[in-house]
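Residue-level listing of the chains:
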Amino acid sequence: MDKYIFDEGNGLWYELQGDYYIPCLTLPNKKEQPVGLWGQRHLQYLKEFRKNTYTTLLTSGKLNAYLADIDRQAQERFETLTEQMKRVQGITEQLKAESVLEWTGRMNNIRTCVIEIVNEEIVYS
């Protein structure tokens, strides 16, 4: 038996493994995009709760691009919400100059709220 055979019907090469021919599959070479914190959180969510979606994206070679897009969307949403909440609550650079501790506390509160919103809307959905 030949070690490799080509099937013209589907255009795939097969390799003999024991008594069976297994298709020689490779993922397409795509440019790796950096995935930040939000994308890594979403990846963990997919692995734990959306295994079919994770497997489909991984085998199609689209996982990295998908995670990079989720990361970009989440980061943009985080920045937008933070600025909106700062404006609504009246947190300014003047407050930062006058009372650093108060500014830090209020900014930490906003940051925590915004992280929860982004997680709920984008990362864990």
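Our subject is the structure that appears above.
Keep in mind that what you see is a predicted model, and the values were worked out from it rather than measured.

Cut-offs used in this document
- Residues numbered from 1 in each chain as written.
- Predicted model: local features only at pLDDT ≥ 70, side-chain atom pairs only at ≥ 80, totals over all residues.
- Heavy atoms only, no water.
- Pairing = 2+ DSSP bridges.
- Helix = DSSP H or I, 4+ residues; strand = E, 2+ residues; numbered from the N terminus.
- Phe/Tyr/Trp six-rings, centres within 6.5 Å; stacked < 30°, edge-to-face > 60°.
- Buried < 20%, exposed > 50% of the residue type's maximum accessible area, 1.4 Å probe, protein only.
- Salt bridge = Lys/Arg side-chain N within 4 Å of Asp/Glu carboxyl O.
- Axes fitted to C-alpha atoms, helices over the stretch in contact; angles between N-to-C directions.
- Contact = heavy atoms within 4.5 Å.
- Parallel < 35°, antiparallel > 145°, perpendicular 65-115°, else oblique.
- Left-handed = near helix turned anticlockwise from the far one by under 90°.
- Nonpolar A, V, L, I, M, F, W, Y, C, P; charged D, E, K, R; others polar.

A. Structural detail: the pairing of strand S1 (residues 4-7). Across four bridges, the pairing between S1 and strand S2 (residues 12-17) is antiparallel. When the sheet's bridge partners are listed, isoleucine 5 is paired in S2 with tyrosine 14. The turn joining S1 and S2, which pair antiparallel and follow one another in sequence, is formed by four residues; a positive phi near 75° is taken by glycine 11.

B. Spotlight on the packing of aromatic side chains. All told, the structure shown has four aromatic pairs when counted by the stated rule. Where tyrosine 45 meets phenylalanine 49, the ring centres are 5.7 Å apart and the plane angle is 40°; that geometry is what we call tilted. Of this pair, tyrosine 45 and phenylalanine 49 both sit in helix H1 (residues 37-49), four residues apart, roughly one helical turn. Judged by its relative accessible area of 11%, tyrosine 45 is buried.

C. View of the pattern of salt bridges. What the rule picks out here adds up to six salt bridges. Among the salt bridges present, the one from lysine 3 reaches glutamate 15, with a minimum N-O distance of 3.5 Å. Of this pair, lysine 3 sits in the segment before S1 while glutamate 15 sits in strand S2, placing them 12 residues apart in sequence. With its nearest N and O atoms 3.5 Å apart, the salt bridge here joins lysine 86 to glutamate 83. In this pair, lysine 86 and glutamate 83 both sit in helix H3 (residues 63-89), three residues apart, roughly one turn of the helix. The partly exposed category is assigned to glutamate 83, whose relative accessible area is 46%. Here the salt bridges share partners, and the residues they tie into one network are Asp69, Arg72 and Glu76.

D. Here's a closer look at the packing of H1 against helix H2 (residues 51-60). Where H1 meets H2, the closest approach of the two axes is 6 Å, and the angle between their N-to-C directions is 115°. In this structure, H1 uses Leu43, Leu46, Lys47, Glu48 and Phe49 to contact H2, whose residues at the interface are Lys51, Thr53, Tyr54 and Leu57.

E. Region of the structure containing helix H5 (residues 100-123). The complete set of buried residues in H5 reads Trp103, Met107, Ile110, Val114, Ile115, Val118, Asn119, Ile122 and Val123. Buried residues along H5 sit in contact with H1, H3 and helix H4 (93-98).

F. How the structure looks around the packing of H3 against H5. Between H3 and H5, the shortest axis-to-axis distance is 9 Å and the interhelical angle comes to 140°. It follows that H3 is oblique to H5 by the angle criterion. Note that H3 runs across H5; the crossing there is right-handed. Residues Ile70, Gln73, Ala74, Arg77, Phe78, Leu81, Thr82, Met85, Lys86 and Gln89 of H3 form the contact with H5, whose participating residues are Arg106, Met107, Ile110, Arg111, Cys113, Val114, Ile115, Ile117, Val118, Glu121 and Ile122. Taken together, the residues that form the contact of H3 with H5 break down as 13 nonpolar, three polar and five charged.

G. Quick look at the side chain of histidine 42. If you trace the backbone, histidine 42 turns up in helix H1. Given a relative accessible area of 1%, histidine 42 falls into the buried group. Apart from residues no more than four positions distant in its own chain, histidine 42 is found in contact with Tyr66, Leu67, Ile70, Ile122, Val123 and Ser125.

Worth remembering: the numbers are spatial, not functional.
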